[in-house]
Amino acid sequence: MATDKDKIVNIIGAGLAGSEAAWQLATRGIKVNLFEMRPFVNTGAHETEYFSELVCSNSFGSNLPDRAAGLLKNELRILKSLLISIADQVAIPAGGALAVDRERFSKSITQILSQHPNISIIREEVTEIPSTPTIVCSGPLTSFRLSEQIKKLTGMENLFFFDAIAPIVELESIDFSKAFRGSRYDRGENEFGDYINCPFTKNEYFEFISELKNAQKIELRSFEQEIQLGVKAGVDKFFEGCLPVEILANRGELALAFGPLRPVGLKDPRGNERPFAILQLRQDNLAGSLYNMVGFQTNLTFPEQKRVFRKIPGLENATFARFGQMHRNTFLASPRLLLPTLQFKTRDDLFFAGQITGVEGYVGNIATGLIAALNMSLLLSGKKSVAIPKNTMIGSLIHYITHSELKDFQPMKANYGIMPPLSEKIKNKNERYKLYSERSIQTTSIFRDWIEANE
Ligand SMILES: Cc1cc2nc3c(=O)[nH]c(=O)nc-3n(C[C@H](O)[C@H](O)[C@H](O)COP(=O)(O)OP(=O)(O)OC[C@H]3O[C@@H](n4cnc5c(N)ncnc54)[C@H](O)[C@@H]3O)c2cc1C
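Residues numbered from 1 in each chain as written. Predicted model: local features only at pLDDT ≥ 70, side-chain atom pairs only at ≥ 80, totals over all residues.

### Points about the domain arrangement of the protein chain
Here is step 1: Parsing the protein chain into structural domains produces domain 1 (4–165 + 328–454) and domain 2 (168–323).
Here is step 2: One C-alpha centre belongs to domain 1, the other to domain 2; they are set 30 Å apart. (Domains from an automatic or database assignment.)

### Here's the deal with the sheet that holds strand β7 (residues 134–136)
Here is step 1: A sheet is described by the order of its strands in space; here six strands give the open sequence β6-β2-β1-β7-β17-β16, paired in mixed fashion. On the outer flanks of this sheet lie β6 (119–122) and β16 (343–344), each paired with one strand and no other.
Here is step 2: Of the strand pairs in this sheet, strand β1 (residues 9–12) and β7 are connected by three bridges, and their pairing is parallel. For Asn 10, the partnering residue across the bridge sits in β7 and is Thr 134. (Pairing = 2+ DSSP bridges. Helix = DSSP H or I, 4+ residues; strand = E, 2+ residues; numbered from the N terminus.)

### Overview of the site of the ligand
Here is step 1: In the neighbourhood of the ligand, 34 residues make up the surrounding shell, with Gly 13, Gly 15, Cys 56, Gly 139 and Gly 354 lying closest.
Here is step 2: Mapped onto the shell around the ligand, the elements with two or more residues apiece are α1 (16–27) and α11 (362–380).
Here is step 3: Sorting elements by how many residues they give to the shell around the ligand places α1 first, with three residues. (Near = placed C-beta within 6 Å.)

### Points about the sheet that holds strand β10 (residues 180–182)
Here is step 1: The six strands lie next to each other as β10-β11-β12-β13-β9-β14, forming an open sheet whose pairing is antiparallel. Two strands in the sheet have a free side with no partner beyond their single neighbour: β10 and β14 (320–322). Taken over all neighbouring pairs, the strand axes of this sheet differ in orientation by 40 degrees on average, direction set aside.
Here is step 2: Relative to strand β13 (residues 290–293), strand β9 (residues 168–170) runs antiparallel, the two being bridged by three bridges. What sits directly across from Ile 168, in β13, is Asn 292. (Axes fitted to C-alpha atoms, helices over the stretch in contact; angles between N-to-C directions.)

Following this line, the structure appears as C-alpha coordinates:
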(Lines give C-alpha, C1' and ligand atoms only; values in the text may rest on other atoms or scores of the structure.)
Protein backbone atom coordinates (compact mmCIF):
# COMPACT_ATOMS: atom_id res chain seq x y z
CA MET A 1 0.00 0.00 0.00
CA ALA A 2 1.29 3.44 -0.88
CA THR A 3 2.18 5.66 2.08
CA ASP A 4 3.02 9.34 2.02
CA LYS A 5 6.66 8.26 2.26
CA ASP A 6 6.32 7.29 -1.42
CA LYS A 7 5.61 10.90 -2.34
CA ILE A 8 8.41 12.81 -4.06
CA VAL A 9 9.60 15.93 -2.24
CA ASN A 10 10.50 18.97 -4.34
CA ILE A 11 13.43 20.98 -3.09
CA ILE A 12 13.89 24.37 -4.73
CA GLY A 13 17.54 25.44 -4.71
CA ALA A 14 20.66 23.29 -4.24
CA GLY A 15 22.45 25.80 -2.01
CA LEU A 16 23.49 25.12 1.56
CA ALA A 17 20.00 24.52 2.96
CA GLY A 18 18.67 22.66 -0.09
CA SER A 19 21.65 20.30 -0.38
CA GLU A 20 21.47 19.34 3.31
CA ALA A 21 17.68 18.88 3.11
CA ALA A 22 17.96 16.68 -0.02
CA TRP A 23 20.52 14.39 1.59
CA GLN A 24 18.61 14.09 4.88
CA LEU A 25 15.45 13.03 3.03
CA ALA A 26 17.23 10.74 0.58
CA THR A 27 19.04 8.85 3.37
CA ARG A 28 15.64 8.29 4.99
CA GLY A 29 14.45 6.57 1.83
CA ILE A 30 12.42 9.51 0.53
CA LYS A 31 12.64 10.44 -3.14
CA VAL A 32 13.63 14.00 -3.94
CA ASN A 33 13.48 16.24 -7.00
CA LEU A 34 16.26 18.74 -6.41
CA PHE A 35 15.76 21.83 -8.58
CA GLU A 36 18.71 24.13 -9.25
CA MET A 37 18.57 26.94 -11.81
CA ARG A 38 22.32 27.39 -12.20
CA PRO A 39 24.13 27.39 -14.65
CA PHE A 40 21.19 28.33 -16.92
CA VAL A 41 19.96 31.20 -14.73
CA ASN A 42 22.49 32.95 -12.52
CA THR A 43 22.12 34.76 -9.20
CA GLY A 44 24.79 37.39 -9.83
CA ALA A 45 26.84 36.17 -6.86
CA HIS A 46 27.39 32.45 -7.55
CA GLU A 47 30.19 31.68 -9.99
CA THR A 48 29.94 27.93 -10.60
CA GLU A 49 27.32 25.30 -11.35
CA TYR A 50 28.16 23.34 -8.17
CA PHE A 51 25.78 22.80 -5.27
CA SER A 52 26.40 24.48 -1.91
CA GLU A 53 28.68 27.07 -3.44
CA LEU A 54 30.07 29.48 -0.84
CA VAL A 55 29.36 32.86 -2.39
CA CYS A 56 31.82 34.86 -0.34
CA SER A 57 34.10 33.84 2.53
CA ASN A 58 35.37 30.25 2.72
CA SER A 59 35.12 30.33 6.52
CA PHE A 60 32.27 28.75 8.50
CA GLY A 61 33.31 30.75 11.56
CA SER A 62 34.55 29.53 14.92
CA ASN A 63 35.02 25.82 15.52
CA LEU A 64 35.51 26.25 19.26
CA PRO A 65 32.94 24.35 21.35
CA ASP A 66 32.07 27.31 23.59
CA ARG A 67 31.58 29.88 20.84
CA ALA A 68 28.13 30.32 19.30
CA ALA A 69 29.24 29.30 15.79
CA GLY A 70 31.25 26.37 17.17
CA LEU A 71 28.30 25.17 19.20
CA LEU A 72 26.07 25.31 16.12
CA LYS A 73 28.50 23.05 14.25
CA ASN A 74 28.67 20.57 17.13
CA GLU A 75 24.88 20.37 17.20
CA LEU A 76 24.93 19.65 13.46
CA ARG A 77 27.57 16.95 13.96
CA ILE A 78 25.27 15.29 16.52
CA LEU A 79 22.38 15.50 14.05
CA LYS A 80 24.58 13.92 11.34
CA SER A 81 24.74 16.81 8.90
CA LEU A 82 26.25 15.86 5.54
CA LEU A 83 27.56 19.37 4.84
CA ILE A 84 29.40 19.74 8.15
CA SER A 85 30.97 16.29 7.75
CA ILE A 86 32.23 17.28 4.28
CA ALA A 87 33.44 20.63 5.66
CA ASP A 88 35.43 18.72 8.30
CA GLN A 89 36.94 16.52 5.59
CA VAL A 90 38.04 19.41 3.36
CA ALA A 91 39.05 21.80 6.16
CA ILE A 92 42.13 23.95 5.75
CA PRO A 93 44.19 25.48 8.58
CA ALA A 94 42.38 28.54 10.01
CA GLY A 95 43.22 28.77 13.72
CA GLY A 96 40.10 28.21 15.79
CA ALA A 97 37.82 28.55 12.75
CA LEU A 98 36.47 25.97 10.33
CA ALA A 99 37.55 27.11 6.88
CA VAL A 100 37.25 24.90 3.83
CA ASP A 101 38.71 24.41 0.39
CA ARG A 102 35.64 25.88 -1.29
CA GLU A 103 36.00 23.96 -4.55
CA ARG A 104 36.49 20.56 -2.92
CA PHE A 105 33.57 21.34 -0.61
CA SER A 106 31.00 22.12 -3.28
CA LYS A 107 32.31 19.55 -5.79
CA SER A 108 32.11 16.75 -3.18
CA ILE A 109 28.54 17.67 -2.26
CA THR A 110 27.51 17.88 -5.93
CA GLN A 111 28.99 14.46 -6.54
CA ILE A 112 27.38 12.81 -3.48
CA LEU A 113 23.92 14.22 -4.25
CA SER A 114 24.15 13.48 -7.99
CA GLN A 115 25.01 9.83 -7.31
CA HIS A 116 22.32 9.23 -4.69
CA PRO A 117 19.64 6.88 -6.11
CA ASN A 118 16.84 8.78 -4.32
CA ILE A 119 17.79 12.19 -5.70
CA SER A 120 16.85 13.41 -9.19
CA ILE A 121 18.66 16.58 -10.18
CA ILE A 122 16.64 18.98 -12.30
CA ARG A 123 18.58 21.93 -13.65
CA GLU A 124 15.85 24.49 -14.20
CA GLU A 125 14.43 27.64 -12.65
CA VAL A 126 11.27 26.97 -10.66
CA THR A 127 8.73 29.69 -11.38
CA GLU A 128 5.69 28.28 -9.54
CA ILE A 129 5.48 26.78 -6.07
CA PRO A 130 4.49 23.12 -6.59
CA SER A 131 1.29 21.86 -4.99
CA THR A 132 2.99 18.63 -3.81
CA PRO A 133 5.37 18.38 -0.77
CA THR A 134 7.99 21.10 -1.17
CA ILE A 135 10.87 22.74 0.67
CA VAL A 136 11.74 26.20 -0.66
CA CYS A 137 15.48 26.84 -0.21
CA SER A 138 16.06 29.42 -2.93
CA GLY A 139 18.20 31.67 -0.76
CA PRO A 140 18.85 35.40 -0.43
CA LEU A 141 19.08 35.72 -4.23
CA THR A 142 15.85 33.88 -5.07
CA SER A 143 15.10 34.39 -8.77
CA PHE A 144 12.76 37.28 -9.51
CA ARG A 145 10.10 35.07 -11.07
CA LEU A 146 9.95 32.80 -8.03
CA SER A 147 9.95 35.86 -5.74
CA GLU A 148 6.83 37.04 -7.55
CA GLN A 149 5.14 33.70 -6.83
CA ILE A 150 6.17 33.80 -3.18
CA LYS A 151 4.71 37.32 -2.96
CA LYS A 152 1.45 35.99 -4.41
CA LEU A 153 1.37 33.19 -1.85
CA THR A 154 2.31 35.28 1.17
CA GLY A 155 1.00 38.73 0.28
CA MET A 156 3.19 41.62 -0.95
CA GLU A 157 3.99 42.89 2.50
CA ASN A 158 5.44 39.56 3.64
CA LEU A 159 8.51 39.31 1.42
CA PHE A 160 11.38 41.71 2.06
CA PHE A 161 14.35 42.73 -0.03
CA PHE A 162 16.41 44.68 2.43
CA ASP A 163 19.71 45.84 1.09
CA ALA A 164 21.26 47.49 4.10
CA ILE A 165 21.28 46.33 7.71
CA ALA A 166 22.87 47.80 10.82
CA PRO A 167 25.09 45.92 13.30
CA ILE A 168 23.68 44.39 16.50
CA VAL A 169 25.53 44.54 19.81
CA GLU A 170 25.18 42.30 22.87
CA LEU A 171 23.80 44.27 25.82
CA GLU A 172 26.25 42.88 28.32
CA SER A 173 29.22 44.13 26.30
CA ILE A 174 28.10 47.80 26.53
CA ASP A 175 29.97 50.00 29.02
CA PHE A 176 27.32 51.77 31.12
CA SER A 177 29.90 53.99 32.81
CA LYS A 178 29.70 55.88 29.47
CA ALA A 179 26.38 54.85 27.90
CA PHE A 180 23.04 55.79 29.46
CA ARG A 181 19.40 54.88 28.97
CA GLY A 182 16.87 57.43 27.72
CA SER A 183 14.35 58.30 25.01
CA ARG A 184 14.37 61.41 22.86
CA TYR A 185 12.26 64.10 24.60
CA ASP A 186 11.44 61.47 27.27
CA ARG A 187 8.84 60.05 24.92
CA GLY A 188 9.57 56.38 25.55
CA GLU A 189 7.36 53.73 27.10
CA ASN A 190 9.98 52.39 29.50
CA GLU A 191 10.48 54.64 32.55
CA PHE A 192 14.27 54.33 32.17
CA GLY A 193 14.10 55.13 28.44
CA ASP A 194 13.66 52.83 25.46
CA TYR A 195 17.13 53.42 24.02
CA ILE A 196 20.73 53.02 25.11
CA ASN A 197 22.63 56.18 24.22
CA CYS A 198 26.36 56.44 23.54
CA PRO A 199 27.40 60.11 23.90
CA PHE A 200 30.29 61.68 21.94
CA THR A 201 32.26 64.80 22.91
CA LYS A 202 33.18 67.08 19.99
CA ASN A 203 36.71 65.62 19.80
CA GLU A 204 35.48 62.03 20.00
CA TYR A 205 32.98 62.73 17.22
CA PHE A 206 35.52 64.18 14.76
CA GLU A 207 38.02 61.41 15.49
CA PHE A 208 35.31 58.85 14.84
CA ILE A 209 34.27 60.50 11.56
CA SER A 210 37.87 60.51 10.35
CA GLU A 211 38.25 56.77 11.11
CA LEU A 212 34.93 56.03 9.43
CA LYS A 213 35.84 57.90 6.23
CA ASN A 214 39.13 56.05 5.91
CA ALA A 215 37.87 52.58 6.82
CA GLN A 216 37.98 49.71 4.33
CA LYS A 217 34.73 48.99 2.49
CA ILE A 218 33.45 45.89 0.72
CA GLU A 219 33.35 46.38 -3.03
CA LEU A 220 29.78 46.18 -4.27
CA ARG A 221 29.01 43.83 -7.11
CA SER A 222 27.29 45.34 -10.10
CA PHE A 223 23.90 43.77 -9.37
CA GLU A 224 24.00 45.18 -5.85
CA GLN A 225 24.77 48.67 -7.13
CA GLU A 226 21.78 48.41 -9.43
CA ILE A 227 19.55 47.42 -6.57
CA GLN A 228 20.71 50.29 -4.42
CA LEU A 229 19.77 52.65 -7.16
CA GLY A 230 16.40 50.99 -7.22
CA VAL A 231 16.41 50.14 -10.89
CA LYS A 232 15.74 46.42 -10.61
CA ALA A 233 12.19 45.69 -11.63
CA GLY A 234 10.11 43.65 -9.21
CA VAL A 235 11.93 44.78 -6.09
CA ASP A 236 9.65 46.85 -3.95
CA LYS A 237 11.69 47.59 -0.86
CA PHE A 238 14.84 49.48 -1.72
CA PHE A 239 17.29 51.51 0.08
CA GLU A 240 14.59 53.72 1.63
CA GLY A 241 16.97 56.54 2.46
CA CYS A 242 19.13 54.30 4.65
CA LEU A 243 22.46 55.29 3.18
CA PRO A 244 25.51 53.56 4.65
CA VAL A 245 27.04 55.69 7.43
CA GLU A 246 30.43 55.83 5.67
CA ILE A 247 28.79 57.37 2.59
CA LEU A 248 26.98 59.91 4.79
CA ALA A 249 30.26 60.74 6.58
CA ASN A 250 31.91 61.43 3.24
CA ARG A 251 29.18 63.91 2.33
CA GLY A 252 30.17 66.30 5.11
CA GLU A 253 31.88 66.35 8.51
CA LEU A 254 28.62 67.14 10.29
CA ALA A 255 26.29 64.94 8.23
CA LEU A 256 26.09 62.28 10.95
CA ALA A 257 25.74 64.85 13.75
CA PHE A 258 22.61 66.11 11.96
CA GLY A 259 21.58 62.59 10.87
CA PRO A 260 21.72 59.29 12.75
CA LEU A 261 23.94 60.71 15.52
CA ARG A 262 21.80 63.80 16.22
CA PRO A 263 21.63 64.51 19.94
CA VAL A 264 18.43 66.62 20.02
CA GLY A 265 16.00 65.82 22.81
CA LEU A 266 18.57 63.82 24.78
CA LYS A 267 20.56 64.79 27.87
CA ASP A 268 23.23 62.79 29.63
CA PRO A 269 21.66 62.42 33.12
CA ARG A 270 25.10 62.51 34.74
CA GLY A 271 26.14 65.93 33.43
CA ASN A 272 22.60 67.00 32.54
CA GLU A 273 24.03 68.37 29.29
CA ARG A 274 23.39 67.64 25.69
CA PRO A 275 26.35 65.71 24.22
CA PHE A 276 27.79 66.81 20.85
CA ALA A 277 26.46 63.67 19.18
CA ILE A 278 24.77 60.45 20.27
CA LEU A 279 24.53 56.95 18.86
CA GLN A 280 21.27 55.30 19.87
CA LEU A 281 20.89 51.56 20.34
CA ARG A 282 17.42 50.07 20.08
CA GLN A 283 16.31 46.79 21.66
CA ASP A 284 16.33 44.06 19.03
CA ASN A 285 14.99 40.89 20.65
CA LEU A 286 12.20 40.17 23.09
CA ALA A 287 14.67 39.04 25.75
CA GLY A 288 16.35 42.47 25.59
CA SER A 289 19.84 40.99 25.29
CA LEU A 290 20.57 42.44 21.83
CA TYR A 291 20.64 46.07 20.67
CA ASN A 292 20.61 47.46 17.15
CA MET A 293 22.81 50.46 16.19
CA VAL A 294 20.11 52.85 14.96
CA GLY A 295 20.73 54.20 11.45
CA PHE A 296 24.12 52.49 11.17
CA GLN A 297 23.68 50.57 7.93
CA THR A 298 27.16 50.01 6.60
CA ASN A 299 29.24 48.36 3.94
CA LEU A 300 32.55 48.34 5.85
CA THR A 301 34.35 44.99 6.02
CA PHE A 302 33.55 43.03 9.18
CA PRO A 303 37.02 43.53 10.80
CA GLU A 304 36.75 47.27 10.09
CA GLN A 305 33.28 47.46 11.66
CA LYS A 306 34.71 45.87 14.79
CA ARG A 307 37.70 48.25 14.85
CA VAL A 308 35.91 51.50 13.98
CA PHE A 309 32.63 50.99 15.88
CA ARG A 310 34.56 50.08 19.02
CA LYS A 311 35.75 53.71 18.99
CA ILE A 312 32.20 54.78 19.89
CA PRO A 313 32.12 55.75 23.60
CA GLY A 314 30.56 52.86 25.51
CA LEU A 315 31.23 50.30 22.76
CA GLU A 316 34.98 49.86 23.34
CA ASN A 317 34.48 46.17 24.21
CA ALA A 318 31.34 45.58 22.17
CA THR A 319 30.51 42.05 21.06
CA PHE A 320 28.75 42.17 17.71
CA ALA A 321 25.97 39.59 17.38
CA ARG A 322 25.65 40.63 13.73
CA PHE A 323 27.64 42.99 11.55
CA GLY A 324 26.07 45.48 9.19
CA GLN A 325 25.70 44.30 5.61
CA MET A 326 24.58 45.37 2.20
CA HIS A 327 23.47 42.87 -0.38
CA ARG A 328 20.21 41.75 -1.85
CA ASN A 329 18.58 39.62 0.74
CA THR A 330 15.19 38.13 0.02
CA PHE A 331 13.49 36.96 3.18
CA LEU A 332 10.02 36.21 4.49
CA ALA A 333 8.08 37.80 7.32
CA SER A 334 8.74 34.50 9.09
CA PRO A 335 7.25 35.50 12.47
CA ARG A 336 3.93 35.85 10.66
CA LEU A 337 4.23 33.02 8.14
CA LEU A 338 6.21 30.12 9.58
CA LEU A 339 5.79 27.67 12.43
CA PRO A 340 8.83 26.74 14.54
CA THR A 341 8.84 23.48 12.56
CA LEU A 342 9.62 25.64 9.47
CA GLN A 343 6.23 24.76 7.97
CA PHE A 344 4.18 27.38 6.19
CA LYS A 345 1.32 28.15 8.57
CA THR A 346 -1.48 27.54 6.09
CA ARG A 347 -0.02 24.55 4.24
CA ASP A 348 1.63 21.79 6.24
CA ASP A 349 3.48 20.13 3.32
CA LEU A 350 5.22 23.39 2.38
CA PHE A 351 8.43 24.25 4.24
CA PHE A 352 10.93 27.07 3.93
CA ALA A 353 14.60 26.73 4.86
CA GLY A 354 17.83 28.67 4.45
CA GLN A 355 18.39 32.37 4.34
CA ILE A 356 14.91 33.03 2.93
CA THR A 357 13.59 32.32 6.44
CA GLY A 358 15.72 35.13 7.92
CA VAL A 359 18.49 32.96 9.33
CA GLU A 360 21.88 34.45 8.51
CA GLY A 361 25.16 32.65 7.81
CA TYR A 362 26.32 29.46 6.14
CA VAL A 363 26.03 27.11 9.12
CA GLY A 364 22.69 28.42 10.41
CA ASN A 365 21.28 27.83 6.95
CA ILE A 366 22.58 24.28 6.76
CA ALA A 367 20.78 23.77 10.09
CA THR A 368 17.42 25.01 8.82
CA GLY A 369 17.70 22.70 5.79
CA LEU A 370 18.30 19.78 8.13
CA ILE A 371 15.38 20.61 10.45
CA ALA A 372 12.94 21.20 7.57
CA ALA A 373 13.89 17.80 6.11
CA LEU A 374 13.49 15.99 9.45
CA ASN A 375 10.04 17.48 9.80
CA MET A 376 9.07 16.70 6.20
CA SER A 377 10.11 13.11 6.86
CA LEU A 378 8.03 12.92 10.06
CA LEU A 379 5.06 14.43 8.24
CA LEU A 380 5.26 11.93 5.36
CA SER A 381 5.41 9.08 7.89
CA GLY A 382 2.12 10.29 9.35
CA LYS A 383 3.79 11.69 12.49
CA LYS A 384 3.61 15.15 14.02
CA SER A 385 6.40 17.52 13.09
CA VAL A 386 8.41 18.94 16.00
CA ALA A 387 10.21 22.15 16.96
CA ILE A 388 13.79 21.56 18.06
CA PRO A 389 14.05 22.79 21.69
CA LYS A 390 15.03 26.43 22.29
CA ASN A 391 17.87 25.33 24.58
CA THR A 392 19.86 24.45 21.45
CA MET A 393 21.48 27.07 19.22
CA ILE A 394 19.50 25.75 16.23
CA GLY A 395 16.27 25.93 18.26
CA SER A 396 17.06 29.47 19.42
CA LEU A 397 17.69 30.64 15.87
CA ILE A 398 14.44 29.15 14.61
CA HIS A 399 12.59 30.51 17.64
CA TYR A 400 14.04 33.98 16.90
CA ILE A 401 12.85 34.01 13.29
CA THR A 402 9.40 32.68 14.11
CA HIS A 403 8.71 34.78 17.23
CA SER A 404 10.43 38.17 16.70
CA GLU A 405 8.63 41.50 16.60
CA LEU A 406 7.72 41.87 12.93
CA LYS A 407 8.21 45.64 12.88
CA ASP A 408 12.00 45.43 13.08
CA PHE A 409 12.49 41.86 11.86
CA GLN A 410 15.95 41.38 10.32
CA PRO A 411 18.06 38.30 9.58
CA MET A 412 19.92 36.81 12.55
CA LYS A 413 22.95 34.58 12.96
CA ALA A 414 23.90 32.25 15.81
CA ASN A 415 24.80 34.04 19.05
CA TYR A 416 24.33 33.40 22.76
CA GLY A 417 22.16 36.52 23.14
CA ILE A 418 19.17 34.74 21.56
CA MET A 419 19.30 31.70 23.86
CA PRO A 420 17.02 31.30 26.90
CA PRO A 421 18.93 32.42 30.03
CA LEU A 422 20.56 29.87 32.31
CA SER A 423 18.78 29.00 35.55
CA GLU A 424 21.46 30.80 37.56
CA LYS A 425 23.20 34.11 36.82
CA ILE A 426 26.87 33.57 35.90
CA LYS A 427 28.97 36.73 35.67
CA ASN A 428 32.00 35.34 33.89
CA LYS A 429 31.30 35.35 30.15
CA ASN A 430 33.46 32.35 29.25
CA GLU A 431 32.00 30.31 32.08
CA ARG A 432 28.50 31.26 30.96
CA TYR A 433 29.15 30.34 27.31
CA LYS A 434 30.54 26.99 28.43
CA LEU A 435 27.37 26.25 30.40
CA TYR A 436 25.14 27.33 27.51
CA SER A 437 27.07 24.98 25.23
CA GLU A 438 26.89 22.04 27.64
CA ARG A 439 23.14 22.52 28.01
CA SER A 440 22.71 22.69 24.22
CA ILE A 441 24.77 19.61 23.48
CA GLN A 442 22.83 17.60 26.05
CA THR A 443 19.49 18.76 24.61
CA THR A 444 20.58 18.11 21.01
CA SER A 445 21.56 14.53 21.88
CA ILE A 446 18.16 13.94 23.50
CA PHE A 447 16.47 15.45 20.43
CA ARG A 448 18.47 13.18 18.07
CA ASP A 449 17.57 10.08 20.12
CA TRP A 450 13.91 11.09 20.07
CA ILE A 451 13.98 11.57 16.29
CA GLU A 452 15.69 8.21 15.72
CA ALA A 453 13.14 6.46 17.94
CA ASN A 454 10.22 8.10 16.15
CA GLU A 455 11.05 8.00 12.45
C1 LIG B 1 26.73 38.51 -1.82
C2 LIG B 1 26.56 37.63 -0.62
C3 LIG B 1 27.64 37.37 0.23
C4 LIG B 1 27.48 36.54 1.36
N5 LIG B 1 28.56 36.26 2.15
C6 LIG B 1 28.43 35.41 3.21
C7 LIG B 1 29.57 35.03 4.01
O8 LIG B 1 30.69 35.44 3.76
N9 LIG B 1 29.36 34.20 5.07
C10 LIG B 1 28.13 33.70 5.38
O11 LIG B 1 28.01 32.94 6.35
N12 LIG B 1 27.05 34.02 4.62
C13 LIG B 1 27.18 34.86 3.56
N14 LIG B 1 26.08 35.19 2.78
C15 LIG B 1 24.82 34.65 3.13
C16 LIG B 1 24.74 33.32 2.35
O17 LIG B 1 24.07 33.52 1.15
C18 LIG B 1 24.05 32.30 3.16
O19 LIG B 1 24.68 32.11 4.38
C20 LIG B 1 23.88 30.94 2.46
O21 LIG B 1 24.44 30.79 1.20
C22 LIG B 1 22.43 30.80 2.35
O23 LIG B 1 22.13 29.47 2.05
P24 LIG B 1 20.80 29.16 1.25
O25 LIG B 1 20.80 27.70 1.02
O26 LIG B 1 19.65 29.78 1.92
O27 LIG B 1 20.99 29.96 -0.13
P28 LIG B 1 22.03 29.69 -1.30
O29 LIG B 1 23.24 29.01 -0.79
O30 LIG B 1 22.19 30.99 -2.01
O31 LIG B 1 21.26 28.67 -2.24
C32 LIG B 1 20.09 29.01 -2.93
C33 LIG B 1 20.10 28.27 -4.26
O34 LIG B 1 18.83 28.41 -4.88
C35 LIG B 1 19.02 28.60 -6.27
N36 LIG B 1 17.79 29.24 -6.77
C37 LIG B 1 17.34 30.50 -6.55
N38 LIG B 1 16.13 30.70 -7.14
C39 LIG B 1 15.84 29.52 -7.77
C40 LIG B 1 14.73 29.09 -8.57
N41 LIG B 1 13.71 29.89 -8.84
N42 LIG B 1 14.75 27.83 -9.09
C43 LIG B 1 15.80 26.98 -8.85
N44 LIG B 1 16.88 27.34 -8.12
C45 LIG B 1 16.88 28.60 -7.56
C46 LIG B 1 20.28 29.43 -6.34
O47 LIG B 1 20.90 29.31 -7.60
C48 LIG B 1 21.12 28.83 -5.22
O49 LIG B 1 21.94 27.77 -5.67
C50 LIG B 1 26.20 36.01 1.65
C51 LIG B 1 25.13 36.27 0.80
C52 LIG B 1 25.29 37.06 -0.32
C53 LIG B 1 24.12 37.31 -1.21
